[in-house]
Amino acid sequence: MKIAILGKPFDEEYGPFIQNLFDELQRRKAELLVVEHFGLFLQNRIKLPEGITTFNRGDSLAGVDFVLSLGGDGTLLDTVTYVGALQIPILGINTGRLGFLATIAHDSINLALDALFKGHYTFDDRALIRVDSDLEIFDGINFGLNEFSLLKGDSSSMIAVHAYIDGEYLNTYWADGLVVATPTGSTGYSLSCGGPLVLPQTNNFVISPVCPHNLNVRPMIVSDRSVISFEVEGRSSTYLASLDSRSVPVDMSVQIAVRRENFVARLVKLHHVNFLTTLRGKLNWGLDKRTNIFR
């Protein structure tokens, strides 16, 4: 089995678990590739198996069976940009904080690898959002798993976002910004803006204003078969365009639209993990704080 590994620096307490991961993969005779910057971080912290190949962004991962993402949800979002249209299955191992996407606990690594090598898993295909613009703004990586956001670039004044659905005028949002989230992203930035939670397999986008001036403006769910386009006005000459964790300043004159990407992010789903269980656990739904028991 050929496995690529991406990760970000982790706290010292996770070192033994990461060492165990590499030891277990070596024992199972997996062919390993590690993203170069993470490999350099690991060199002085754990003992790496011999024969590991390194790779960088832009290098082809064709022929890789699985990609392991070591970190939090942000690491997994970054991992999706390495995989792209290849749709290689991604397994997220959580050494971060929340873990809506990186659902495998660091102390369950052996259980997860055992399921992976025995084929005890399914695929959870997640829709991606694609950004089209008349000027390249994301260095060719114009897709994301969570959301696309338009945000004011300074703290002095709001912006006006004129939004259109399939060419028809929807609304002008006077706000600090506007978020268009995928179902996966409904548990992220959109949720903090008052947006609804959406099950991963629903074919929708969620449009959520950020701190709107008009309090009767509410988040809206639209079909992800729609093309949502924008015109932005403000006192500044630029605003921020953000795609997952990547933010860039954009001139007000740039035309931008979003739609569903033609390929998906393929997450590995182990049989003992499901979205509703993750949702209840991460949001503490049903938790009786007096007894620390979920009801």
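Named according to an unreviewed UniProt entry, the chain is NAD kinase originating from Pontibacter amylolyticus.

Novice: How would you explain the sheet that holds strand β13 (residues 204–210) if you had to name every residue and give the values?
Specialist: Judged by pairing direction, the sheet is antiparallel, and its six strands sit side by side in the order β14-β13-β12-β9-β16-β17 without closing on themselves. The open sheet terminates on both sides in strands that have one partner only, identified here as β14 (220–223) and β17 (246–251). Between one strand axis and the next, the sheet turns by 20 degrees as a mean value, whatever way the strands run. Pairing of strand β9 (residues 147–152) with strand β12 (residues 177–181), which is carried by five bridges, proceeds in the antiparallel orientation. From the neighbouring strand, Leu151 faces β12, where its bridge partner is Gly177.

Novice: Any details on the packing of helix α1 (residues 15–27) against helix α4 (residues 109–118)? Residues and values, ideally.
Specialist: Packing of α1 against α4 leaves a shortest axis separation of 10 Å and a crossing angle of 25 degrees. With respect to each other, α1 and α4 are oriented roughly parallel. As α1 runs across α4, the sense of the crossing is right-handed. Here Phe17, Asn20, Leu21, Glu24 and Leu25 of α1 lie close against α4, whose contacting residues are Ile109, Asn110, Leu113 and Phe117. For the contact of α1 with α4, the class distribution of residues is six nonpolar, two polar and one charged.

Novice: Give me the lowdown on the state of the cysteines, citing residues and values where you can.
Specialist: One pass over the full model with this rule turns up zero disulfides. For the unlinked cysteine Cys211, the closest cysteine sulfur is that of Cys193, found at 6.9 Å. Judged by relative accessible area, Cys211 falls into the exposed class, the value being 55%.

Novice: Please provide a residue-by-residue account of the pattern of salt bridges, values included.
Specialist: A side chain with one charge may pair with a side chain of the opposite charge, provided their charged atoms come close. This structure, assessed with the given rule, holds 13 salt bridges. For the salt bridge of Asp125 with Arg266, the shortest nitrogen-to-oxygen distance reads 2.8 Å. Here Asp125, found in strand β7 (residues 121–133), pairs with Arg266, found in strand β18 (residues 256–270); they are 141 residues apart in sequence, far enough to count as distant. The partly exposed category is assigned to Asp125, whose relative accessible area is 28%. The salt bridge partner of Arg225 is Asp224, with a shortest N-O separation of 3.9 Å. The exposure class assigned to Asp224 is buried, which follows from its relative accessible area of 2%. Connected via shared salt-bridge partners are Glu24, Arg27, Arg28, Asp114 and Lys118.

Novice: Account for helix α6 (residues 275–283), with residues named and values stated.
Specialist: Listed as buried for α6 are Phe275, Thr278 and Leu279. Here the buried residues of α6 occupy an arc of 100 degrees about the axis, which is enough to place them on one side. Contacts from the buried residues of α6 go to β7. Just downstream of α6, Asn284 is the residue with a positive phi angle, here 60 degrees.

Novice: Report on the UniProt feature "binding site: NAD(+)" (unreviewed entry) in the chain, specifying residues and quantitative values.
Specialist: Under the local residue numbering, the UniProt record ascribes the feature "binding site: NAD(+)" (unreviewed entry) to Asp73, Gly74, Asn146, Glu147, Asp176, Thr187, Gly188, Tyr189, Ser190, Leu191 and Ser192. Taking the farthest pair of C-alpha atoms as the criterion, the annotated set spanning 120 residues is dispersed, since that pair is 24.6 Å apart. Topologically, Asn146 is positioned in the loop between β8 (143–144) and β9. If sequence neighbours within four positions are ignored, Asn146 has contacts with Leu77, Leu101, Val180, Ala181, Thr182, Thr184, Gly185 and Asp244. Summarising the element assignment, Asp176 is placed in the loop between β11 (168–175) and β12. Using a relative accessible area of 24% as the deciding quantity, one classes Asp176 as partly exposed. Those residues in contact with Asp176 that sit more than four places away from it in its chain are Leu150, Leu151, Lys152, Met158, Ile159, Val210 and Cys211.

Here is what the cut-offs are and how they apply
- Residues numbered from 1 in each chain as written.
- Predicted model: local features only at pLDDT ≥ 70, side-chain atom pairs only at ≥ 80, totals over all residues.
- Heavy atoms only, no water.
- Pairing = 2+ DSSP bridges.
- Helix = DSSP H or I, 4+ residues; strand = E, 2+ residues; numbered from the N terminus.
- Axes fitted to C-alpha atoms, helices over the stretch in contact; angles between N-to-C directions.
- Parallel < 35°, antiparallel > 145°, perpendicular 65-115°, else oblique.
- Left-handed = near helix turned anticlockwise from the far one by under 90°.
- Contact = heavy atoms within 4.5 Å.
- Nonpolar A, V, L, I, M, F, W, Y, C, P; charged D, E, K, R; others polar.
- Disulfide = S-S within 2.5 Å.
- Buried < 20%, exposed > 50% of the residue type's maximum accessible area, 1.4 Å probe, protein only.
- Salt bridge = Lys/Arg side-chain N within 4 Å of Asp/Glu carboxyl O.
- Arc of directions from axis to C-beta.
- UniProt positions renumbered as here; feature names shortened; annotations may be inferred.

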